[in-house]
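Single-letter residue listing:
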Amino acid sequence: MKRSLACLIFLSLIISGCSSGDKEPTATATTTTTPAARPALPANLVDGKRIIAADAEPGNWLSHGRTYNEQRYSPLDPINAGNVGQLGLAWHIDLDGKQALEATPLVIDGVLYTSTVWNVILAVDAATGKELWSYDPLPRRDWTRYMCCGPVNRGLAAWGGNIYEGTIDGRLIAVDAATGKLVWETQTTDPNQPYSITGAPRVVNGKVIIGNGGSEYGIRGYVSAYDAGTGALVWRFYTVPGDPKAGFENPAMEMAAQTWSGEWWKYGGGGTVWDSFAFDPELNLVYVGTGNGGPWVREIRSPGGGDNLFLSSIIALNADTGEYVWHYQTTPGENWDFTATQQMILAELEIDGAPRKVLMQAPKNGFFYVIDRATGELLSAEPIVPVNWASHVDKATGKPVEIAENLYTEEAKLISPGPNGAHDWQPMSFHPGTGLVYIPIHEMSWAYSRDPEFKFKPFGWNAGQNPNAAAPPGATEATARGALLAWDPIKQSKAWEVDLVHPWNGGVLSTAGNLVIEGAADGRFVIYRADTGEKLWEMPIQTGAVAGPITYSVNDEQYIAVNAGWGGAYVLMGGGAGPMHQGPSRILAFKLGGADQLSPPPPPPVMPEPPTSTANAEDIAAGQGLYMGLCGNCHGFYAISGGINPDLRYMSAETHGLFRDIVLVGIRRGVGMPAFNDVLSETDLEKIHAYVINRARETYQE
Ligand code: CA
């Protein structure tokens, strides 16, 4: 009854009708709450027709990548290469703390909607930054223990007067775009498994498409579609096969299971859909990017070999039924955390004299792919950074050719790219005018080594990598370089490149004003000429903006906006990035002649004198091992914080006194510090504390 009512309400909105909403869910039912009758629908509704025709209203940013083709290109040109020198800050909102901001905002009819830290959704006047409403879904903050990279969220979706968000603890929520009141919420994951959501939903044909993350924690990836009006599950597609004894959900899973061996399902398998989607309304295909294997090491995961479908793949699914149509696997037998969850851009390119409907992706593995998006046929693939795990991608087979001597089966190997990839989630942009794709790339090699002692830990980090591996020859020359790369996708060659001082930079926007816009890790927001890469404008913003910028207009005045809050995997684990996160995380909007000012950043913290310790070298070394496994993911390897979570070397005497209760009892759960009493003994805790004190003393004496 409820569903039929929603069908009536949404009848005028849903392109392909409501029938699909009446299909039985293909997986276990989810709990759905509908707290109150829907308020009257606002005048300006977002629907598929409107998103498909987004170029007719370039002042809005209606979907994550602006359009379903995810190009992140705007036809707006009042701000252009001729006048961008007059750009200034229009308004800004300082948030509490320095947690990462990764969201691309939406702008709908003068209102800017964005997700911020801990899934708090903000709606503000897009011309002034004045807050209209906020909604806090109150996610479980200690869930960060089961997430690699902090309590981040990459954005929202809009449909039929609602705003949608996936929460870190696996819920999909719908709030009223006009009031910020909850409309419905549903748990999309088993709360007793370490799934999390950080990606932005998309809404196609009245269905909210959402995935999840956590491949390293021992889970099985999937993508789901929920009825946008009611929150009822419409379809679900698993990306890797489960235990064959339980039967296969569909023929695609049966086919995929032929490419696995051993008892992979005991590790979950991975293949999580944690970020990217695209939609072709003519083909009615939803494209899904899948993640790495869990564990990374394929000899552990699938000891008899095999491609391990659908890890590290692009999968095309029927948008209404979730049925498999085709796949292209970028990294068969994934072995390096080479996800294919990176953004997918749909475009029409002239290839060998004929127009082709293509899909483009620069996944972690270092190659740039152009694929026929109707069939999945590989059209071309060339490396965009130095690659030494494969020599090339064979056009005949569509597969990369691995370099056997660089496999780390027997001994550690220094491999390029590493687990952060040549390109991670930071979105790229395609400019139809220049024909170039602008990619935030990094060159970061990494020493891979199989952990000979590996034992699967439910809810634990299960990459299967050896934390104590001796560095392989050449590891001291490991690269860490970042650049903004302008890539010609037809010639598969570099058009221009801007060298950046740090590898981990921001997502990219391009505009018809011949502009390419990107935050740099060293705390600058920078605009370049799209055709040549010449720098036209920059402003210090006190933090590395990693999110994708947007542009929009209100009353014919163009704005450029970005969420600025340094963070992500590389920063949390890599540390050493403190100077790049001086100010708080903030939302910034720019316009020509804007005269708003940022407050000066606070002075750098002063280190209190660390306590003395009588721990011996052996206990400190044991503490380091425990720290690296349990604490380093958030507080930085070697206790050098990336400036997001507390730098433990700077703990006050009071915090040292509370160390046991914080780590074992969980007295700071409420601010995101989980309890570890299930995996740490009192003695282990003392060893970790001794290691942290030792690191503090080393720093204090420098
Ligand atoms: Ca991963």
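Anyway, here's the lowdown on the structure attached to this text. Worth saying up front: this structure is predicted, and the values here are computed from it rather than measured.

## Re the overall build of the protein chain
Right, on to step 1. When you go through the protein chain residue by residue, the secondary structure sums to 9 helices and 40 strands.
Right, on to step 2. Projected onto its principal axes, the C-alpha coordinates of the protein chain cover approximately 70 × 60 × 55 Å.
Right, on to step 3. For the protein chain, buried positions account for 62% of its 702 residues.
Right, on to step 4. Counting only contacts in the protein chain whose residues sit at least 6 apart along the sequence, the fraction spanning at least 24 positions is 63%.

## Some remarks on the coordination of the calcium ion
Right, on to step 1. For the calcium ion, the full set of protein donor atoms is Glu 216 (OE), Asn 292 (OD1) and Asp 337 (OD), at a range of 2.3 to 2.4 Å.
Right, on to step 2. Of note, the calcium ion draws all its donor residues from one chain, in the sequence arrangement E-x75-N-x44-D. Residue Glu 216 is found in the loop between strand E13 (207-210) and strand E14 (222-227), and its partner Asp 337 is found in the loop between strand E21 (324-329) and strand E22 (344-351); the two are separated by 121 residues along the sequence.
Right, on to step 3. Judged by its relative accessible area of 8%, Glu 216 is buried.
Right, on to step 4. The buried category is assigned to Asp 337, whose relative accessible area is 6%.

## Let's talk about the environment of Glu 348
Right, on to step 1. Note on placement: Glu 348 falls in strand E22.
Right, on to step 2. Judged by its relative accessible area of 57%, Glu 348 is exposed.
Right, on to step 3. Sequence spacing of Glu 348 and Trp 487 is 139 residues, and the spatial spacing of their C-alpha atoms is 16 Å.
Right, on to step 4. The residues touching Glu 348, leaving out its near neighbours within four places in the chain, are Pro 355, Arg 356 and Lys 357.

## Describing the sheet that holds strand E38 (residues 550-554)
Right, on to step 1. If you walk across this open sheet you meet the 4 strands as E3-E40-E39-E38, and the pairing is antiparallel. Each edge of the open sheet is held by one strand with a lone partner, namely strand E3 (87-94) and E38. Neighbour to neighbour, the strand axes of the sheet diverge by 30° on average, direction disregarded.
Right, on to step 2. Relative to strand E39 (residues 557-564), E38 is paired through 5 bridges, and the arrangement is antiparallel. Residue Tyr 552 lies in a different strand from E39, and its bridge partner there is Tyr 559.

## Considerations on the sheet that holds strand E37 (residues 535-540)
Right, on to step 1. In space, the 5 strands of this open sheet follow the order E2-E34-E35-E36-E37, with mixed pairing throughout. Pairing within the sheet leaves two strands with one partner each, and these edge strands are strand E2 (73-74) and E37.
Right, on to step 2. Looking at chain direction, strand E36 (residues 524-529) and E37 are connected through 5 bridges and run antiparallel. Bridge assignment links Tyr 528 to a residue of E37, and that residue is Lys 535.

## What about the nonpolar core?
Right, on to step 1. Counting 98 residues, the largest nonpolar core has Tyr 113, Tyr 552 and Phe 590 as its most contacted members.
Right, on to step 2. Aside from chain neighbours lying at most four places away, what touches Tyr 113 is Pro 105, Leu 106, Ile 108, Leu 122, Ala 123, Trp 133, Leu 156, Ile 163 and Ala 177.
Right, on to step 3. Leu 378, Val 385, Tyr 408 and Met 428 belong to the second-largest nonpolar core, a separate cluster that totals 50 residues.

## Thoughts on the packing of helix H8 (residues 653-665) against helix H9 (residues 682-701)
Right, on to step 1. Their axes nearest at 11 Å, the elements H8 and H9 cross at an angle of 130°. Overall, the two elements H8 and H9 adopt an arrangement that is oblique. For the crossing formed where H8 meets H9, the hand is right-handed. Between H8, through His 656, Phe 659, Arg 660, Val 663 and Leu 664, and H9, the contact on the second element is made entirely by Glu 682, Leu 685, Ile 688, His 689 and Ile 693.
Right, on to step 2. Taken together, the residues of the contact of H8 with H9 break down into 6 nonpolar, 2 polar and 2 charged.

## Some words on H8
Right, on to step 1. With 13 residues, H8 ought to run about 18 Å at 1.5 Å a step, and its terminal C-alpha atoms sit 19 Å apart, in line with that.
Right, on to step 2. Approximately 50° is the largest bend angle found in H8, and it occurs at Phe 659.
Right, on to step 3. Inspection of H8 places Thr 655, His 656, Phe 659, Ile 662, Val 663 and Leu 664 among the buried residues, and these make up the whole buried set.
Right, on to step 4. Tucked into the core, H8 has its buried residues touching H9.
Right, on to step 5. Phi turns positive, to about 85°, at Gly 666, one or two residues after H8.

What counts, and where the lines are drawn
Residues numbered from 1 in each chain as written. Predicted model: local features only at pLDDT ≥ 70, side-chain atom pairs only at ≥ 80, totals over all residues. Heavy atoms only, no water. Helix = DSSP H or I, 4+ residues; strand = E, 2+ residues; numbered from the N terminus. Buried < 20%, exposed > 50% of the residue type's maximum accessible area, 1.4 Å probe, protein only. Contact = heavy atoms within 4.5 Å. Donors = N, O, S within 2.8 Å, 3.2 Å for Na, K, Ca; no water. Pairing = 2+ DSSP bridges. Axes fitted to C-alpha atoms, helices over the stretch in contact; angles between N-to-C directions. Core = buried A, V, L, I, M, F, W, Y, C linked by side-chain atoms within 4.5 Å. Parallel < 35°, antiparallel > 145°, perpendicular 65-115°, else oblique. Left-handed = near helix turned anticlockwise from the far one by under 90°. Nonpolar A, V, L, I, M, F, W, Y, C, P; charged D, E, K, R; others polar. Expected span 1.5 Å × (residues − 1). Bend = angle between axes of the 7 residues up to and from the residue.

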